[in-house]
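Given next are the chains, with one letter for each unit.
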Amino acid sequence: MNLLDTTHDPALRSWVASANADDTDFPIQNLPFGCFTAPSVGPHDTPGSARIGIAIGHQVLDLRLVQYALLTGQAPAWGLTAETAEGNTLRDWIASLAAGDLNAFMSLGPAARRGLRAWLSAALAEGSPLQAALQPCLRAQADCTMQLPCQIGDYTDFYTGIHHATSVGKLFRPDNPLLPNYKWVPIGYHGRASSIVVSGTPVRRPLGQLKPPTAETPTVGPCQRLDYELELGAVIGTRNALGTRVPLEEAEDHLFGLVLLNDWSARDVQAWEYQPLGPFLAKNFASTISPWVVTMEALAPFRTAFTRPAIDGGDPGTLPYLDGEANRASGAFDLTLEVELQTAAMRAAGLAPQRLSRGRWTEAAWWTLAQLVTHHTLGGCNLQEGDLLGTGTLSGPGPDQAGSLLELSGGGKAPLTLPNGETRTFLQDGDTLKLKAWGEKPGVRRIGLGACSGTVLPAA
Ligand code: MN
């Protein structure tokens, strides 16, 4: 369990002024990890090499520059050499992060993450004696080119959004929308890690086999029903050995944090190929994630009781290996999720992006993150640091809470009208799709996950 500590104090302010703005996603209470390249700031700073940074307001604390300041004695020891219970020091941890290797740091587990968080919080707080030494280690986010935050070895996409599963099921099977296994087993498939890209990377419309219901035989061509899926992605921090399973009460110890995930989907390709083995080319051309991994500690204030959404047929109960007191009491996180669309014409006319949906994670999910980890390992599958577990599309119960165009347009039958008169059933070339998520509640500092965006390029 993640307990609240002084790093969550809503009154805590940073000497980095932009981190104190009410609407920033990255106040000092957040401190997410990202990987980036940036212009060299001197002969000691290898140009073009990736390093890990911490987002703070509009700035990034560059841990390569922090390490350099330490190594060259430009800064005092900063309390970084005291040994931890694991026999490491904060200085050792910063070395792997300075080298751009988030996986190595993640594998050290929650204690290292909490130790570094406490140090960063104190170092970046107003009145910190380290301000003068750390000031030159900051970079403007605008000067940083974000990379994938870590090496993603494997990617699994779940299907925890029960309203999404029901709505999509209705489109495919009107009389039998939710298959009988759904309420008992966390449904998922093993996805493709190689085509996961970081926010801002353009996404090319894929080709695929298409067979409209009226056609006798399939053809090959550009996807005509390109869609997005609003999801969150959990990043695994520590592995379990092959052949072992992770009990529910230990599951969260294996999680490092969360990113936003857009599981771009070619619906026409999907409809033709998905039986009998599930999604394949409909999903493997690109999946976009946000660059900043928001840690389990940063999310702790937004923990809440896990209650399953009310749904037709009710809740049949949970098998014992997926049920536990802590999971029920505080296994969910209350985040608001939003999707925005800006078409090429809107961009050309200077029109702001249009919101397509807004909903809450707690109203969408049939399973918690802990249950996903525990189920994934039930048969002995080994999760590894850097693995990504997608939640599946997180649609709320309302019509304006759906996390895909497939749902918002009723399977393409009810076009959406945008403020400039354009209509959409599915995505067109030039469309920019952006996902956002944040936590906000009384007595707690608001934090956000940043943005996850991508623009559709024409088929090659
Ligand atoms: Mn998905």
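Residues numbered from 1 in each chain as written. Predicted model: local features only at pLDDT ≥ 70, side-chain atom pairs only at ≥ 80, totals over all residues. Heavy atoms only, no water.

A. Up close: the coordination of the manganese ion. Surrounding the manganese ion are the protein donor atoms Asp-157 (OD), Glu-229 (OE), Glu-231 (OE) and Asp-263 (OD), which sit 2.1 to 2.2 Å from the metal. In primary sequence terms, the donor set of the manganese ion follows D-x71-E-x1-E-x31-D. Separated by 74 residues along the polypeptide, Asp-157 in strand S6 (residues 155–158) and Glu-231 in strand S13 (residues 230–236) bring together distant segments of the chain. Taking the relative accessible area as the measure of exposure, Asp-157 reaches 2% and is therefore buried. The exposure class of Glu-231 is buried, given its relative accessible area of 0%. (Donors = N, O, S within 2.8 Å, 3.2 Å for Na, K, Ca; no water. Helix = DSSP H or I, 4+ residues; strand = E, 2+ residues; numbered from the N terminus. Buried < 20%, exposed > 50% of the residue type's maximum accessible area, 1.4 Å probe, protein only.)

B. Quick look at the domain arrangement of the protein chain. Domain parsing of the protein chain yields domain 1 (6–147) and domain 2 (155–457). On a C-alpha basis, the centres of domain 1 and domain 2 stand 30 Å from each other. Facing 33 residues of domain 1, the contacting portion of domain 2 comprises 28 residues. Note on domain 1 versus domain 2: buried area summed over both sides is about 2400 Å², and carbon and sulfur give 61% of it. The interface formed by domain 1 and domain 2 includes 3 salt bridges. Among the ionic pairs, Glu-297 bridges to Arg-113, the shortest N-O distance being 2.6 Å. (Domains from an automatic or database assignment. Contact = heavy atoms within 4.5 Å. Buried area = accessible area lost by both parts, 1.4 Å probe. Salt bridge = Lys/Arg side-chain N within 4 Å of Asp/Glu carboxyl O.)

C. The arrangement of the sheet that holds strand S9 (residues 203–204) in detail. With respect to topology, 5 strands assemble into an open sheet ordered S9-S26-S25-S20-S21, the strand pairing being mixed. Edge strands, defined here as strands with exactly one partner in the open sheet, are S9 and strand S21 (354–360). Alignment of strand S20 (residues 336–342) against strand S25 (residues 432–439), held across 7 bridges, turns out to be antiparallel. Paired with Thr-336 across the bridge in S25 is Trp-438. (Pairing = 2+ DSSP bridges.)

D. Seen up close, the nonpolar core. In this structure, Leu-232, Leu-258, Leu-356, Trp-361, Leu-427 and Leu-433 are the most contacted members of the largest nonpolar core, which totals 66 residues. Among the nonpolar cores identified, the runner-up in size contains 47 residues, and Leu-31, Leu-120, Ala-125 and Cys-137 belong to it. (Core = buried A, V, L, I, M, F, W, Y, C linked by side-chain atoms within 4.5 Å.)

E. Structural detail: the packing of helix H1 (residues 63–71) against helix H2 (residues 90–98). As a packed pair, H1 and H2 sit with axes 8 Å apart at the nearest point and diverge in direction by 135 degrees. Put simply, H1 runs oblique to H2. For the crossing formed where H1 meets H2, the hand is left-handed. On the side of H1, the interface is formed by Leu-63, Arg-64, Val-66, Gln-67 and Leu-70, while H2 contributes Arg-91, Ile-94, Ala-95, Leu-97 and Ala-98. Residues of the contact of H1 with H2, tallied by class, amount to 7 nonpolar, 1 polar and 2 charged. (Axes fitted to C-alpha atoms, helices over the stretch in contact; angles between N-to-C directions. Parallel < 35°, antiparallel > 145°, perpendicular 65-115°, else oblique. Left-handed = near helix turned anticlockwise from the far one by under 90°. Nonpolar A, V, L, I, M, F, W, Y, C, P; charged D, E, K, R; others polar.)

F. Broad picture of the packing of aromatic side chains. Evaluation of the coordinates by the stated rule reveals 7 aromatic pairs. Clustering of aromatic rings is evident, with ring pairs tying together Phe-33, Trp-93, Phe-105 and Phe-256. The side chain of Arg-308 reaches across the aromatic face of Trp-367, ending 4.6 Å from its centre. (Phe/Tyr/Trp six-rings, centres within 6.5 Å; stacked < 30°, edge-to-face > 60°. Lys NZ or Arg CZ within 6 Å of the ring centre and 35° of its normal.)

G. Inspection of helix H4 (residues 110–124) at higher detail. The end-to-end C-alpha separation of H4 is 21 Å, in line with the 21 Å expected for 15 residues at 1.5 Å each. Of all the positions in H4, only Pro-110, Ala-112, Arg-113, Leu-116, Arg-117, Trp-119, Leu-120, Ser-121, Ala-123 and Leu-124 are classed as buried. (Expected span 1.5 Å × (residues − 1).)

H. Molecular detail of helix H6 (residues 162–172). Buried within H6 we find Ile-162, His-163, His-164, Ala-165, Thr-166, Val-168 and Gly-169. Of the surrounding elements, those touching the buried residues of H6 are helix H12 (405–408).

I. Seen up close, the packing of H2 against H4. In contact at an axis separation of 11 Å, H2 and H4 are set at 95 degrees when each is read in the N-to-C sense. Between H2 and H4, the angle is such that the two are roughly perpendicular. Contacts between H2 and H4 involve Leu-90, Trp-93, Ile-94 and Leu-97 from the first element and Ala-111, Ala-112, Gly-115, Leu-116 and Trp-119 from the second. Of the residues assigned to the contact of H2 with H4, the class counts are 8 nonpolar, 1 polar and no charged.

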